[in-house]
Amino acid sequence: GIGAILGFAAAAWLGAASITILVRRGLTFNSAGMALAHLGVAVSILGATASGALQREALVALRVGDSVQMGPWRAELMDVRPVAGPNWTAIEATLYVQRNGRPVGTVTPQSRMFIAPAQETTQSGRTGWRMGEVYAVLGKPDGSGRWQVHLWVKPLVRLIWIGGLLMALGGVVALGGRVRALALRCRKLVTFAEPQAA
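Worth saying up front: this structure is predicted, and the values here are computed from it rather than measured.

Rules of the game
- Residues numbered from 1 in each chain as written.
- Predicted model: local features only at pLDDT ≥ 70, side-chain atom pairs only at ≥ 80, totals over all residues.
- Heavy atoms only, no water.
- Helix = DSSP H or I, 4+ residues; strand = E, 2+ residues; numbered from the N terminus.
- Buried < 20%, exposed > 50% of the residue type's maximum accessible area, 1.4 Å probe, protein only.
- Contact = heavy atoms within 4.5 Å.
- Areas by Shrake-Rupley, 256 points an atom, 1.4 Å probe, with all protein chains shown as cover.
- Lys, Arg positive; Asp, Glu negative; His and termini not counted.
- Charge placed at Lys NZ, Arg CZ, Asp CG, Glu CD.
- Salt bridge = Lys/Arg side-chain N within 4 Å of Asp/Glu carboxyl O.
- Expected span 1.5 Å × (residues − 1).
- Patch = residues over 30% accessible without salt bridge, like charges linked within 9 Å, V, L, I, M, F, W, Y side chains within 5 Å.
- Pairing = 2+ DSSP bridges.
- Axes fitted to C-alpha atoms, helices over the stretch in contact; angles between N-to-C directions.

Trainee: An account of the overall build of the chain is requested, with residue identities and associated values reported.
Mentor: Looking only at helices and strands, one finds three helices and 10 strands in the chain. In the chain, the succession of α and β elements from N to C terminus is α-α-β-β-β-β-β-β-β-β-β-β-α. Overall size of the chain, expressed as C-alpha extent along the three principal axes, is 100 × 45 × 30 Å. Expressed as a percentage of its 198 residues, the buried residues of the chain come to 32%. The contacts in the chain between residues at least 6 apart in sequence include a share of 47% that link residues at least 24 apart. In the form shown here, the chain has an accessible surface area of approximately 12200 Å², with 63% of it arising from carbon and sulfur atoms. Across the chain, the 20 positively charged side chains and the 9 negatively charged ones have centroids separated by 16 Å.

Below, the structure is given as structure tokens:
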């Protein structure tokens, strides 16, 4: 859609702008900090746009041994079993995830029942990070041995957090430049104020 195109274009423009800052201003604390912050914004926009525009989703009913294919991704329901925690019990599913026939990992979503206070929640499971993260939520059984499973594949979603870290790093680098400049200014004032030897 047009939103995805604009998002990818904004990420590319900001990425190019961050390099231009270094080329025009040279490698100083201020320019490096500004470039890192702009690059962090670009990376976050890329992650948000890609995870939304390229997302794959499936809502299926699976028996143990069944699998679902989502493009190059394949998830197979390996097991459904009861588990217990300190103040809850749960039904936990184990899904084995592959991408292009290569193992990615296992996802273990849970449907939890808490004792005090009494409530029921779902705990999503996730796996993978290189080409995208796979999220899964376990739903209710349908009475015939099948379980409702909701799956999402979100490509490049971790770039959102990496972009945030780059922005924070850019702020620290720029602050380091100001602290260094302030220290040099104080040193000059101290040197100027020292009495000259007769």
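Trainee: I'd like to hear about the pattern of salt bridges, residue by residue, with values.
Mentor: Pairing of side chains with opposite charge becomes possible as their charged atoms draw close. For the structure on display, the rule yields six salt bridges. The closest approach of N and O atoms between Glu 120 and Lys 140, which form a salt bridge, is 2.5 Å. With Glu 120 in strand S7 (residues 119-123) and Lys 140 in strand S9 (residues 133-141), this pair connects stretches of sequence that are 20 residues apart. Between Arg 158 and Glu 133 there is a salt bridge, with its nearest N and O atoms 2.1 Å apart. With Arg 158 in the loop between strand S10 (147-154) and helix H3 (159-193) and Glu 133 in strand S9, the pair connects residues that are 25 residues apart, well separated along the chain. Accessibility expressed as a relative area gives 35% for Arg 158, which makes it partly exposed. Each of the salt bridges in this network shares a partner with another, and the network as a whole consists of Asp 79, Arg 81 and Glu 92.

Trainee: Describe helix H2 (residues 29-53), and please don't skip the residues or the numbers.
Mentor: Spanning 25 residues, H2 covers 36 Å between terminal C-alpha atoms, matching the ideal 36 Å at 1.5 Å per step. Looking at H2, one finds that the buried residues are Ser 31, Ala 32, Gly 33, Ala 35, Gly 40, Ala 42, Val 43, Ser 44, Gly 47, Thr 49, Ala 50 and Ser 51.

Trainee: Describe in detail a nonpolar patch on the surface, supporting the description with residues and values.
Mentor: A cluster of nonpolar side chains, namely Ile 2, Ile 5 and Leu 6, defines an oily patch on the protein surface of about 340 Å² accessible area. Mapped onto the elements of the fold, Ile 2 is located in helix H1 (residues 2-25).

Trainee: Could you give an account of unusual backbone geometry, naming the residues involved and the relevant values?
Mentor: Glycine aside, the phi torsion of most residues is negative, and most peptide linkages are trans. Even without being a glycine, Asn 100 presents a positive backbone phi close to 55°. Relative to the assigned elements, Asn 100 resides in the loop between strand S4 (88-99) and strand S5 (102-107). A residue is classified by how much of its surface remains accessible, and Asn 100, at 54% relative accessible area, is exposed. Despite not being glycine, Leu 156 shows a phi value in the positive range, around 60°. In this structure, Leu 156 sits in the loop between S10 and H3. Using a relative accessible area of 32% as the deciding quantity, one classes Leu 156 as partly exposed.

Trainee: How would you explain the sheet that holds strand S8 (residues 125-127) if you had to name every residue and give the values?
Mentor: Ordered in space as S1-S10-S9-S8, the four strands form an open sheet in which the pairing is antiparallel. Only two strands of the sheet have a single neighbouring strand rather than two, namely strand S1 (56-62) and S8. Ignoring which end each strand starts from, the neighbouring axes of this sheet average 20° apart.

Trainee: I'd love a proper account of H1, names of residues and values included.
Mentor: Look at H1: 34 Å from first C-alpha to last across 24 residues, which is about the 34 Å you get at 1.5 Å a residue. Within the span of H1, buried status applies to Ala 4, Gly 7, Ala 11, Leu 14, Gly 15, Ser 18 and Ile 21. On its buried face, H1 sits against H2. Looking one or two residues beyond H1, the residue adopting positive phi is Gly 26, at roughly 80°.

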